[in-house]
Amino acid sequence: MDVVAEIRRELRAVADPTRAPGQQAYMKSAMPFLGVRVPQARRIARTAGKRLTDPSGIREAALQLWESAEFREEWYAAMALLGLRPVRGDLANVPLIEQLVRTGQWWDITDELAHRLAELHDCHPEQTAELVLAWCRDDDLWIRRIAILSQLGRRERLDRDVLAAVIEPNLADPDFFIRKAIGWALREYARVDPAWVQAYADDHPLSPLSRREALKHL
């Protein structure tokens, strides 16, 4: 069975119509939901995607699922395919990641794909640093947000210079999602190096929201 068709079939098999309206309202989504929990949508995609071993085939399946999606869970499944081992940390994913962020245009898409960039930072640090240093100045706020969040989960492996560099051009941005991202990225790193985050907050004009989030556990 075609992997994309299998994913669609499995998502519909576990759909919960009573849950769907609440999901759509919470996400403020024009695209309807099936009523499938996000972790379940990811598991369905990963299980079906295990049959795909060729990186280009995985990317093609993800793009097909994304572009033909009728329900938002199909977007979640498409993103989950990009986390499969054959493509994890593959620089060839970058154009597709960018396409999904630019067409998805919301925080659930951007924040999920940030994990894929974190993997790229680990596998290709120089190229990925160059990428996010460009993206942090993009006209699209979601591209800027993913640049700021691109090192989430890296803990001791996080590059502080890159983090500071992607935050700097966004410090004065009034958008809630950018300010929240700055605070979130700093708060996560504060678990590893609280002194550095405190010093950064003391030395930079963080918005009240960013500062509150960054220092939340200090």
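Residues numbered from 1 in each chain as written. Predicted model: local features only at pLDDT ≥ 70, side-chain atom pairs only at ≥ 80, totals over all residues. Heavy atoms only, no water.

Quick look at the overall build of the protein chain
Then step 1. The secondary structure content of the protein chain amounts to 13 helices and zero strands.
Then step 2. Along the protein chain, from the amino end to the carboxyl end, the secondary structure elements read α-α-α-α-α-α-α-α-α-α-α-α-α.
Then step 3. At 18 Å, the protein chain has a C-alpha radius of gyration in line with the 17 Å of a compact globule built from 218 residues.
Then step 4. Considering only C-alpha atoms, the protein chain reaches an extent of 55 × 35 × 30 Å along its principal axes.
Then step 5. Within the protein chain, buried positions represent 51% of all 218 residues.
Then step 6. In the protein chain, the share of contacts with a sequence separation of at least 24, taken over all contacts with a separation of at least 6, comes to 67%.
Then step 7. Total accessible area on the protein chain is roughly 10,300 Å²; 52% of this is exposed by carbon and sulfur atoms.
Then step 8. Taken as two groups, the 31 positive and 33 negative side-chain charges of the protein chain have centres that lie 6 Å from each other. (Helix = DSSP H or I, 4+ residues; strand = E, 2+ residues; numbered from the N terminus. Rg over C-alpha atoms; globule rule 2.2 N^0.38 Å. Buried < 20%, exposed > 50% of the residue type's maximum accessible area, 1.4 Å probe, protein only. Contact = heavy atoms within 4.5 Å. Areas by Shrake-Rupley, 256 points an atom, 1.4 Å probe, with all protein chains shown as cover. Lys, Arg positive; Asp, Glu negative; His and termini not counted. Charge placed at Lys NZ, Arg CZ, Asp CG, Glu CD.)

Concerning the nonpolar core
Then step 1. I7, L81, L113 and L186 are the most contacted members of the largest nonpolar core, which has 73 residues in total.
Then step 2. Here this core gets eight residues from one element, more than from any other, and that element is helix α11 (residues 176–190).
Then step 3. Look past the residues within four positions of L186 in its chain and what remains in contact with it is L163, I167, W196, V197, Y200, L206 and A214. (Core = buried A, V, L, I, M, F, W, Y, C linked by side-chain atoms within 4.5 Å.)

Re the pattern of salt bridges
Then step 1. Using the criterion set out here, one finds 23 salt bridges in the structure.
Then step 2. Of the charged contacts, one joins R116 and E112 as a salt bridge, the two residues approaching to 3.8 Å between their closest N and O atoms. Highlighted residues: R116 and E112, both in helix α7 (residues 107–123), separated by four residues, approximately one helical turn. Each member of the pair, R116 together with E112, is buried. (Salt bridge = Lys/Arg side-chain N within 4 Å of Asp/Glu carboxyl O.)

Some details on the packing of α7 against helix α8 (residues 125–135)
Then step 1. Relative to each other, α7 and α8 sit at 135°, their axes nearing to 6 Å. The angle between the axes of α7 and α8 places the two elements in the oblique class. Of α8, the residues touching α7 (which contributes L117, L120, H121, D122 and C123) are P125, T128, A129, L131, V132 and W135. (Axes fitted to C-alpha atoms, helices over the stretch in contact; angles between N-to-C directions. Parallel < 35°, antiparallel > 145°, perpendicular 65-115°, else oblique.)

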